[in-house]
Amino acid sequence: MQFENTLPHTKALISIENVVASASVNQTVDLNEITRTFSDVEYHPDQFPGLVFRLKFPKTATLIFSSGKMVCTGSKSSEQAGKAVKTVVQKLRKGGIDIRNEPTVVVQNIVASASLGGKVHLEEAARQLPKSMYEPEQFPGLIHRMAEPKTVILLFASGKLVCTGGRTEADVYKAVENLHETLEKKGLMIYA
């Protein structure tokens, strides 16, 4: 399920693309036992110390480490990330894996895409926006580091952007709204 939101004060259409959450069950976990119990997990300890446990719904991949720490990627909301981790723990328990504690889940990063509904003067935006970098020979987008909420936005001349670094959906919406309002105030948006 794709969550999209149009900000009330702007024409921006925002779509959460990926939520990365860390989790822990505060106990050690036997990854070899999980591999023997679940045939569809991926575990190659000679290449990477974590086991990959994939779910079809929500479509996610959860890395499980022997320390009991986990990293869940691929969900489209914070709630979905929490549900995915809890589903993985339930499946482990049903498979006979001894998981005594409930997982604690913390969102680490949200990646979202958005369209501002107009084109942007990137060269002028680079001059007027603090903490911005634009080197079109190396990368076609402007890189803007926003202080509040602390995010990094990749902004393209088309008005499309990618926002990363937010820890809540509200951070993402606020960052996009702040950027859009600033661009409009500075006359850097072009609407067809």
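A brief report on the enclosed structure follows. Sequence order sets the numbering: in each chain, residues are counted from 1 along the sequence as written. Local features in a predicted model are, by the rule used here, given only for residues with pLDDT of at least 70; side-chain atom pairs are given and counted only at 80 or more, and totals for whole chains, interfaces and linings are based on all residues. To get the side-chain values, all heavy atoms of the structure are used, and hydrogens and water are removed first.

**Some words on the packing of aromatic side chains**
Working step 1: For this analysis, a ring pair means two rings from Phe, Tyr or Trp (six-membered ring only for Trp) whose centres lie within 6.5 Å, classed as stacked if their planes differ by under 30 degrees, edge-to-face if by over 60, and tilted for the remaining angles. Enumeration over the complete set of coordinates arrives at three aromatic pairs.
Working step 2: Here F38 and F53 contribute two aromatic rings whose centre-to-centre distance is 5.3 Å and whose plane-to-plane angle is 65°, an arrangement assigned as edge-to-face. In this pair, F38 sits in the loop between α1 (31–37) and β3 (42–43) while F53 sits in strand β4 (residues 51–55), placing the two residues 15 residues apart along the sequence. For the pair shown, F38 and F53 are each scored as buried. Working definition: helices are DSSP H or I runs of at least four residues, strands are E runs of at least two. Numbering for both runs from the N terminus. Buried means the residue's accessible area, taken with a 1.4 Å probe over protein chains only, is under 20% of the maximum for its type, while exposed means over 50%, and partly exposed covers the values in between.

**A closer look at the nonpolar core**
Working step 1: For the purposes of this section, nonpolar cores are sets of buried Ala, Val, Leu, Ile, Met, Phe, Trp, Tyr and Cys residues that join through side-chain atoms within 4.5 Å. The biggest cluster of nonpolar side chains holds 29 residues, and the ones touching the most others in it are L116, V120, L155, L161, V176, L179 and L183.
Working step 2: Secondary-structure elements contributing two or more residues to this core are β2 (13–24), β7 (104–115), α3 (122–128), β10 (142–146), β11 (151–155), β12 (160–166) and α4 (169–185).
Working step 3: Membership of the second largest hydrophobic core comes to 21 residues, among which are V25, V29, V88 and L92.

**Structural notes on the state of the cysteines**
Working step 1: Here, the term disulfide refers to a pair of cysteine sulfur atoms separated by no more than 2.5 Å. Within the structure shown, the criterion is met by zero disulfides.
Working step 2: C72 forms no disulfide, and the closest cysteine sulfur to it belongs to C163, at a distance of 20 Å.
Working step 3: Take C72: its relative accessible area is 0%, and that puts it in the buried class.
Working step 4: Given the relative accessible area of 0%, C163 is considered buried.

**A closer look at the pattern of salt bridges**
Working step 1: Salt-bridge detection follows one rule: a side-chain nitrogen of Lys or Arg within 4 Å of a carboxyl oxygen of Asp or Glu. Evaluation of the coordinates by the stated rule reveals four salt bridges.
Working step 2: Residues R100 and D98 are paired through a salt bridge, measuring 2.6 Å at the closest nitrogen-oxygen approach.
Working step 3: Of the residues examined, D98 reaches a relative accessible area of 48% and is grouped as partly exposed.
Working step 4: We note a salt bridge from E124 to R127, for which the minimum N-O separation is 3.1 Å. Of the two residues, E124 and R127 are both situated in helix α3; the distance of three residues between them amounts to about one turn of the helix.

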